[in-house]
Amino acid sequence: MRTHIVWDWNGTLFHDMEAVLGASNAAFATIGVGPMSLQEYREQYEIPIPRFYRRLLGRDPSTEEWLKLDDAFHDRYRELSPSCGLTEGARDLVAGWEAAGHSQSLLSLYVHEQLVPLVDTFSLTGHFLRVDGRSGPAGGQKAEHLVRHLAALGEQVDPARTVLIGDAADDALAALSVGAHAVLYTGGSHTREKLEPVGVPVVDTLAEAVELAGRITG
């Protein structure tokens, strides 16, 4: 069976860290936390997101605070994200992987109804067997979404020959939980120092990630 890549979107194929930082700082302001630099954000960010906010506050955010945080983040992100583009080389890598006879899909924790038209804006949709975003409340982890994603792909994909390429430790944990592989990319939400302890390959470019994906399952 051919090798399958499950791509992450935000911080991986979509280079949106400046928008994420601006949106996060807008969210922080609702709970009295000062703005962060991009480096500070990448050093502290983690999934599930409520744990990230717990670290900043020293306690769990209340239900009211969580709703304010989530609303502020997404309102500002919608303002900033249109100025963002694909990660360098992403378009050619996606097209090249398909041309080589492999398959790929996209799974993101960005809300599904907003993800799908955004991916289509970049004319990438046709390269993927599926494009799935988050349904349900924010703040969870990717593992449960990956289970549903692979189930929907069915016999087209073998988890043992699947590689999830993402920018967060949570991406790797999700992949490992279903018997798949993972390669983590340092250009997104996490620093290399936060990714390496997970124990999967960590790379600095998407080209390296794709090359590794082919070798891991080859």
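A.B. asks: Give a description of the nonpolar core that names residues and reports values.
C.D. replies: Counting residues in hydrophobic clusters, the biggest one holds 52 residues, and the most contacted among them are W7, W9, L13, Y41, F128 and I165. For this core, the element with the most residues is helix α1 (residues 17-29), which contributes seven residues. If near-sequence neighbours (up to four positions away) are discounted, W7 is found in contact with T12, L13, V94, Q104, S105, L106, L107, F128, I165, L206 and V210. Counting 16 residues, the second-largest nonpolar core is a separate cluster that includes V6, A175, L184 and V202.

A.B. asks: I'd like a description of unusual backbone geometry, backed by residues and values.
C.D. replies: Note that the residue after I47, namely P48, is joined by a cis bond; omega there is 10°. If you trace the backbone, P48 turns up in the loop between α2 (38-44) and α3 (49-57). For S123, which is not a glycine, the phi torsion comes out positive at approximately 55°.

A.B. asks: Summarise the pairing of strand β4 (residues 103-111); cite the residues concerned and give the values.
C.D. replies: For β4, a buried count of eight out of nine residues is recorded, marking the element as mostly surrounded by other parts of the structure. In the sheet, β4 pairs with strand β5 (residues 131-134) via three bridges, with the strands oriented parallel. Directly across from L107, in β5, lies its bridge partner D132. Handedness of the crossover joining β4 and β5 through helix α6 (residues 112-121) is recorded here as right-handed.

A.B. asks: Any details on the packing of α3 against helix α4 (residues 63-80)? Residues and values, ideally.
C.D. replies: Their axes nearest at 12 Å, the elements α3 and α4 cross at an angle of 110°. Judged by the inter-axis angle, α3 sits roughly perpendicular to α4. Across from I49, P50, Y53 and L57 in α3, the residues of α4 making contact are E65, W66 and L69. Taken together, the residues of the contact of α3 with α4 break down into six nonpolar, no polar and one charged.

A.B. asks: Describe the packing of aromatic side chains, listing the residues and the values that go with them.
C.D. replies: Within this structure, the stated rule accounts for 12 aromatic pairs. Both rings, one in F73 and one in Y77, keep their centres 5.9 Å apart while their planes meet at 10°; by these two values the pair is stacked. Of this pair, F73 and Y77 both sit in helix α4, four residues apart, which is roughly one turn of the helix. For Y77, a relative accessible area of 2% corresponds to the buried category. Taken together through their ring pairs, the aromatic side chains of F28, Y41, Y45, F52, Y53 and W66 make up a single cluster.

A.B. asks: Summarise helix α7 (residues 143-153); cite the residues concerned and give the values.
C.D. replies: Listing the buried residues of α7 in full gives H145, L146, H149, L150 and L153. One side of α7 carries all its buried residues, which in axial view fall inside an arc of 130°. Phi turns positive, to about 60°, at G154, one or two residues after α7.

Rules and cut-offs
Residues numbered from 1 in each chain as written. Predicted model: local features only at pLDDT ≥ 70, side-chain atom pairs only at ≥ 80, totals over all residues. Heavy atoms only, no water. Core = buried A, V, L, I, M, F, W, Y, C linked by side-chain atoms within 4.5 Å. Buried < 20%, exposed > 50% of the residue type's maximum accessible area, 1.4 Å probe, protein only. Helix = DSSP H or I, 4+ residues; strand = E, 2+ residues; numbered from the N terminus. Contact = heavy atoms within 4.5 Å. Pairing = 2+ DSSP bridges. Right-handed = clockwise from strand over helix to strand, strands pointing away. Axes fitted to C-alpha atoms, helices over the stretch in contact; angles between N-to-C directions. Parallel < 35°, antiparallel > 145°, perpendicular 65-115°, else oblique. Nonpolar A, V, L, I, M, F, W, Y, C, P; charged D, E, K, R; others polar. Phe/Tyr/Trp six-rings, centres within 6.5 Å; stacked < 30°, edge-to-face > 60°. Arc of directions from axis to C-beta.

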